[in-house]
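So you can see what is in the structure, the chains are spelled out below.
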Amino acid sequence: MNLFSLSNPTPTFNPPIAPLHPTKSSLIIRKSVSGFFNVPKWVSNLRNPVFDSKFNLGYLNWGKRVSKSCFNLRNGGGLVKVSCGGLESKNEEDVFYMRKCIELAKQAIGCTSPNPMVGCIVVKDGKVVGQGFHPKAGQPHAEVFALRDAGEQAEGATAYVTLEPCNHYGRTPPCSEALIKAKVKKVVVGMVDPNPIVSSRGINKLQEAGIEVVVGVEEDSCKKLNEAFIYKMLSGKPFVTLRYSISMNAVLLDQLGEKVMECGGYYSQLLQEYDAVIHAPTEMIQDSSFLASQEPNARQPLHVFIAKDPDSLYQNLNLPVEADFKAIIFSDKEATQGLEMSQKGIETVVMNDISLDAILEYCSRQGICNVLVDFRGKKLDVLEEILGEGFSTNLVQKVVVEVLPIWAGNETGLSSSKMTSLSESKRLKNLLTKITHGSVLLEGYL
């Protein structure tokens, strides 16, 4: 998921559609979380466009109209690629509604692990007649909510969905069967599901039932939406992001920028987005409290610590009783207060050899899809050591850097680390920048 395009409306399973008809002048520029952008020219040329103003627009992409059994999944750069010999399609209407599906799916940010975020919209005669998203694991999928919302109007309609409909029985029945039963005429799919249980089977099932299927519409955006889910499906490990703050003169800082912990701030959004956060133990001892996401209805992440003395760390942790906070302490020795700690939601895990790989393996077994390593604190020796191992074994996929408007001097809150253990140079890809409250955010992929 893109840090700079997080969307956090109040979650509802099926928010009402308001059939708005904006004028051409009102469509030229809109503002999203990530800033201002131009609306594609084709929108203003549509005859009586019907859409909900809360959905953001972006840039056009290409889709592919596919024939049966033309899918070829291959792992490239941690993402699923679809090789298809079908006809290419530039259906701008498909692109438009797929973007709405993506924004709908984002209403469940941080709530669906280990499942992906999925949005679905049902369109008939140019109007949205049903919509829904997957709220959390164990709940019905997006297609089910959208079809319920559409009712009888789903017959002969087009269903748009960000991820291939499933075709197997898990916690919920197959979505492919629900779409067939509803008698939809066409299904537009953002991307093929990387899950080997699903991969192309749902699409084949729909085609066998005589339903037209288009796949690959806004595929890159759909992959970005579920980058952690895709990575875990392909690698078996959680998606890892390193976050840290530096000054204008490139000194590592033990602080965050202004207002980043307020609702809508990037750090608050990160805490909402990630399933777990790995901290340096001294960070929480100094703060004597847990930082929490301030986003509406946010599910708080699991807080992870590495400590040689778990009892000492426990004595300095201020765990709120009223909130849904949980923590794990990884240590090489048993905690003498283990029972008391477990009663307060703090788990201790003893490992002879603590490494990032071992921690991620444990987190993966807990259903965790993504992990944020927050490189912040006065003494970062242990965290720096496991990060060095993580970089050398390609366990870190993404880096987020906050550049504060500070020229660091001796009086500034500095970190003792200079990341000297990260000896191998790596070039980052797909760089993005954003200015927020005087700080500059940089995001890139390894």
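Scoring rules and cut-offs
Residues numbered from 1 in each chain as written. Predicted model: local features only at pLDDT ≥ 70, side-chain atom pairs only at ≥ 80, totals over all residues. Heavy atoms only, no water. Core = buried A, V, L, I, M, F, W, Y, C linked by side-chain atoms within 4.5 Å. Buried < 20%, exposed > 50% of the residue type's maximum accessible area, 1.4 Å probe, protein only. Helix = DSSP H or I, 4+ residues; strand = E, 2+ residues; numbered from the N terminus. Contact = heavy atoms within 4.5 Å. 1 Å grid on protein atoms, 1.4 Å probe; cavity = no way out; pocket = protein on both sides within 12 Å on 5 of 7 lines; lining within 4 Å. Points joined across faces, edges and corners; volume = space filled by probe spheres on them. Nonpolar A, V, L, I, M, F, W, Y, C, P; charged D, E, K, R; others polar. Axes fitted to C-alpha atoms, helices over the stretch in contact; angles between N-to-C directions. Parallel < 35°, antiparallel > 145°, perpendicular 65-115°, else oblique. pLDDT = per-residue confidence, 0-100. Pairing = 2+ DSSP bridges. Disulfide = S-S within 2.5 Å. Patch = residues over 30% accessible without salt bridge, like charges linked within 9 Å, V, L, I, M, F, W, Y side chains within 5 Å. Areas by Shrake-Rupley, 256 points an atom, 1.4 Å probe, with all protein chains shown as cover. Salt bridge = Lys/Arg side-chain N within 4 Å of Asp/Glu carboxyl O.

Colleague: So what exactly am I meant to see when it comes to the nonpolar core here?
Modeller: The nonpolar side chains of soluble globular proteins are, as a tendency, buried together. Ranked by internal contacts, the top residues of the largest apolar core, which has 48 residues, are Val-122, Leu-147, Leu-179, Val-184 and Val-187. Among the elements that take part in this core, helix H2 (residues 92-105) stands out by supplying eight residues, more than any other. Ignoring sequence-local partners within four residues, the contact set of Leu-147 consists of Val-122, Ala-154, Ala-178, Leu-179, Ala-182 and Val-184. Counting 34 residues, the second largest nonpolar core, distinct from the first, contains Val-349, Ile-359, Val-396 and Val-401.

Colleague: How should the environment of Ala-358 be read in this particular structure?
Modeller: As for its position among the elements, Ala-358 is in helix H12 (residues 356-365). Those residues in contact with Ala-358 that lie beyond four places of it in its chain are Met-351 and Asp-353.

Colleague: What exactly am I supposed to notice about the environment of Val-198 here?
Modeller: Within the secondary structure layout, Val-198 lies in the loop between strand S10 (186-191) and helix H5 (201-208). Taking relative accessible area as the criterion, Val-198 reaches 2% and is therefore assigned buried. C-alpha separation for the pair Val-198 and Pro-174, spaced 24 residues apart in sequence, amounts to 9.9 Å.

Colleague: What is the right way to look at unusual backbone geometry in this model?
Modeller: Across the chain, the bulk of peptide bonds are trans and the bulk of non-glycine residues have phi less than zero. A cis amide bond, omega 5 degrees, links Ser-113 with the succeeding residue Pro-114. Secondary-structure assignment places Pro-114 in the loop between H2 and strand S7 (119-124). The phi dihedral of Glu-218 is positive, around 55 degrees, even though this residue is not glycine. Along the polypeptide, Glu-218 turns up in the loop between strand S11 (212-215) and helix H6 (219-225). For Ala-250, which is not a glycine, the phi torsion comes out positive at approximately 60 degrees. Locating Ala-250 in the fold gives a position in the loop between strand S12 (239-246) and strand S13 (252-253).

Colleague: Just checking my understanding: could you explain H5 for this structure?
Modeller: In an α-helix there are 3.6 residues to a turn, and that puts residues three or four apart on one side. Those residues of H5 not exposed but buried are Gly-202, Ile-203, Asn-204, Leu-206 and Gln-207. Packed against the buried residues of H5 are helix H4 (175-181), S10 and S11. Looking one or two residues beyond H5, the residue adopting positive phi is Gly-210, at roughly 85 degrees.

Colleague: I would appreciate a short explanation of empty space enclosed by the protein in the present structure.
Modeller: Here the idea is plain: a probe the size of a water molecule rolls over the atoms and shows the empty space left. Applying the stated criterion across every chain, the model contains three cavities of 30 Å³ or more. Of the volumes computed, that of the largest cavity is approximately 200 Å³. What lines the largest cavity is a set of 21 residues, and nearest its centre among them are Ser-113, Met-117, Ala-228, Glu-273 and Asn-370. With three residues, helix H7 (residues 227-235) is the largest single contributor of residues to the lining of the largest cavity. Considered class by class, the residues forming the lining of the largest cavity number twelve nonpolar, six polar and three charged.

Colleague: What am I meant to see in the packing of H12 against helix H13 (residues 381-392) here?
Modeller: Helix packing for two helices is described by the angle between their axes and how far apart those axes are. Between H12 and H13, the least distance of the axes is 8 Å, while the angle of their chain directions is 85 degrees. It follows that H12 is roughly perpendicular to H13 by the angle criterion. In contact with Leu-356, Asp-357 and Ile-359 of H12, H13 contributes Ile-386, Glu-389 and Gly-390. Residues belonging to the contact of H12 with H13 are distributed by class as follows: three nonpolar, one polar and two charged.

Colleague: Could you clarify how one ought to interpret the confidence of the model for the chain in this entry?
Modeller: Note that predicted coordinates carrying low pLDDT should not be read in detail. Of all residues in the chain, 71% have pLDDT values of 70 or greater, and the mean over the chain is 77. Ranking the elements of the chain by mean pLDDT puts strand S1 (residues 29-32) last with 30 and S7 first with 98. In this model, residues 1-89 is a region of pLDDT below 50 whose contacts with residues beyond four sequence positions or in other chains number 219 contacts.

Colleague: It is not clear to me how the pairing of S7 should be interpreted in this structure. Could you clarify?
Modeller: The side chains of a regular strand alternate between the sheet's two faces. Burial analysis of S7 places five of its six residues in the buried class, the great majority of the element. Where S7 lies against strand S8 (residues 127-133), six bridges are found, and the strand directions are antiparallel. What sits directly across from Val-122, in S8, is Gly-130. The turn linking S7 back onto S8 is made up of two residues, and Asp-125 within it adopts a positive phi angle of 55 degrees. Examined bridge by bridge, S7 and strand S9 (residues 158-163) share four bridges and lie antiparallel to one another. Note on S9: the bridge partner recorded for Ile-121 is Tyr-160.

Colleague: Just checking my understanding: could you explain the state of the cysteines for this structure?
Modeller: By definition, a disulfide links the sulfur atoms of two cysteine residues through a covalent bond. One pass over the full model with this rule turns up zero disulfides. Lacking any disulfide linkage, Cys-175 is separated from the closest cysteine sulfur, that of Cys-166, by 3.8 Å.

Colleague: When you look at a nonpolar patch on the surface in this model, what are you seeing that I'm missing?
Modeller: Together, Ile-435, Val-440 and Leu-442 give the surface a local cluster of nonpolar side chains, amounting to about 260 Å² of exposed area. Within the fold, Val-440 resides in strand S21 (residues 439-445).

Colleague: Help me understand the pairing of S9, please; the structure alone is not making it clear to me.
Modeller: Of all six residues that make up S9, six are buried, and the element is covered over most of its length. Sheet topology places S9 next to S10; five bridges connect them, and they run parallel. Looking across to S10, one finds that Ala-159 is bridged to Val-187.

Colleague: Please explain the pattern of salt bridges as it appears in this structure.
Modeller: Close approach of charged atoms allows side chains with opposite charge to pair. Scanning all chains against the criterion turns up 14 salt bridges. The residue Asp-94 makes a salt bridge to Lys-186 at a minimum N-O spacing of 3.5 Å. Here the residue Asp-94 occupies a position in helix H2, and Lys-186 occupies one in strand S10, the gap between them amounting to 92 residues. Looking at Asp-94, the relative accessible area reads 1%, which means it is buried. Between Glu-219 and Lys-223 there is a salt bridge whose closest N-O contact spans 3.7 Å. In this pair, Glu-219 and Lys-223 are both assigned in helix H6, four residues apart and thus about one turn of the helix distant. In this structure Glu-219 comes out as buried when scored by relative accessible area, which is 9%. The network of salt bridges with shared partners includes Lys-224, Glu-227, Lys-398 and Glu-443.

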